[in-house]
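Remarks on the overall topology
Residue strings, one per chain:
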Amino acid sequence: MKLIVGITGASGVGLGIKFLEKLPLDIEVYCVISNSAKVALKFEQNGAMPNNSNILFYDDSSIGACIASGSFQTDAMIILPCSMNTLAKCSVGIADSLITRAFSVMLKEKRKVVLAPREMPFNTIHLENMTKLSNLGVVISPPMLGYYSDQQTLEDMERFIIGKWFDALGISHDLYKRWS
Ligand SMILES: Cc1cc2nc3c(=O)[nH]c(=O)nc-3n(C[C@H](O)[C@H](O)[C@H](O)COP(=O)(O)O)c2cc1C
């Protein structure tokens, strides 16, 4: 599987890093971290990045990177967390960065895309943008807490949320206990 991971400047950027760390090593990962996400990372965690050999990192300004073209075949993309700025650009087709261009490519090629918008509360513009993208087939999957899987710690809760993103992308895992 070839997976594009965009990390944008919303609270919870650390979840994006943990998501990368938990990805199976046989997945080829193309990762782009926006400049705002780098700022948020400095505020919210120690800035340590995973160095798994299956992850290629690109600068958000590298508009000529392979993932900017539909002729480069990938299977899926996730933007997590997805800032309201990036959400808005995605919903109107602005493609002025590698993350938004890659998103636009995935949409036109009708490939799987998952967005994890993070803001609280959402305003009507945010909700309209999400509705529009959902109607276009994008999976809208914010980092939402669930309490039915016997979570005891923050780490358990994060594993549950990351597991739900893996589910949406079709990646098998044992990150949380399923309801049965
Ligand atoms: C520590 C920090 C936390 C932020 N949290 C959020 C957030 O939860 N949601 C959001 O939409 N923007 C948040 N922002 C603001 C975005 O980073 C800002 O709108 C930026 O322009 C987003 O750029 P990007 O979409 O290119 O990453 C946060 C900024 C910082 C520095």
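As shown above, the structure is provided for reference.
If you're wondering where the values come from, they're calculated on a predicted model, not measured in any experiment.

1. Considerations on the overall build of the protein
A count of helices and strands for the protein gives 6 helices and 6 strands. For the protein, the sequential pattern of α-helices and β-strands runs β-α-β-α-β-β-α-α-β-α-β-α. Relative to a compact globule of 180 residues, whose C-alpha radius of gyration would be 16 Å, the protein shows 15 Å and is just as compact. In terms of overall dimensions, the protein has a C-alpha envelope of 45 × 40 × 35 Å along the principal axes. When the 180 residues of the protein are sorted by exposure, 39% land in the buried category. Put simply, 79% of the contacts in the protein that link residues at least 6 apart link residues at least 24 apart.

2. Here we look at the site of the ligand
Close to the ligand lie 17 residues, the nearest being Thr8, Gly9, Ala10, Ser34 and Ser36. Ranked by the residues each element gives to the shell around the ligand, the list is headed by helix α2 (residues 35-44), at 6 residues. Residues of the shell around the ligand, tallied by class, amount to 6 nonpolar, 8 polar and 3 charged.

3. Considerations on the packing of helix α3 (residues 84-92) against helix α5 (residues 124-135)
Orientation of α3 relative to α5, taken along the N-to-C sense of each, is 45 degrees, at an axis distance of 9 Å. Relative to α5, the element α3 lies oblique. The handedness of the crossing between α3 and α5 is left-handed. Contacts from Met84, Leu87, Ala88, Cys90 and Ser91 of α3 reach α5 at His126, Asn129, Met130, Lys132 and Leu133. Across the contact of α3 with α5, the residue classes break down as 6 nonpolar, 3 polar and 1 charged.

4. What about helix α1 (residues 13-22)?
For α1, the complete set of buried residues consists of Val13, Leu15, Gly16, Ile17, Phe19 and Leu20. Buried residues along α1 sit against β1 (2-7), β2 (28-33), α2, β3 (55-59), β4 (76-82) and α6 (154-169).

5. Focus: the environment of histidine 173
Tracing the backbone through its elements, the reader meets histidine 173 in the segment after α6. Distance from histidine 173 to asparagine 129, taken between C-alpha atoms, is 30 Å for residues 44 residues apart in sequence. Apart from residues lying up to four places away in sequence, histidine 173 is in contact with Gly163 and Phe166.

6. Remarks on the sheet that holds β1
Strands sit in the order β3-β2-β1-β4-β5-β6 across an open sheet of 6 strands; the sheet is parallel. The open sheet has two edge strands with one neighbour each: β3 and β6 (139-140). Packing of α6 onto the sheet brings it into contact with β1, β4, β5 (112-117) and β6, and relative to β5 it is tilted by some 155 degrees.

Here is what the cut-offs are and how they apply
Residues numbered from 1 in each chain as written. Predicted model: local features only at pLDDT ≥ 70, side-chain atom pairs only at ≥ 80, totals over all residues. Helix = DSSP H or I, 4+ residues; strand = E, 2+ residues; numbered from the N terminus. Rg over C-alpha atoms; globule rule 2.2 N^0.38 Å. Buried ≥ 20, exposed ≤ 12 C-beta atoms within 10 Å, placed from the backbone. Contact = placed C-beta atoms within 7 Å. Near = placed C-beta within 6 Å. Nonpolar A, V, L, I, M, F, W, Y, C, P; charged D, E, K, R; others polar. Axes fitted to C-alpha atoms, helices over the stretch in contact; angles between N-to-C directions. Parallel < 35°, antiparallel > 145°, perpendicular 65-115°, else oblique. Left-handed = near helix turned anticlockwise from the far one by under 90°. Pairing = 2+ DSSP bridges.

No statement about biological role is implied by the geometric values presented.
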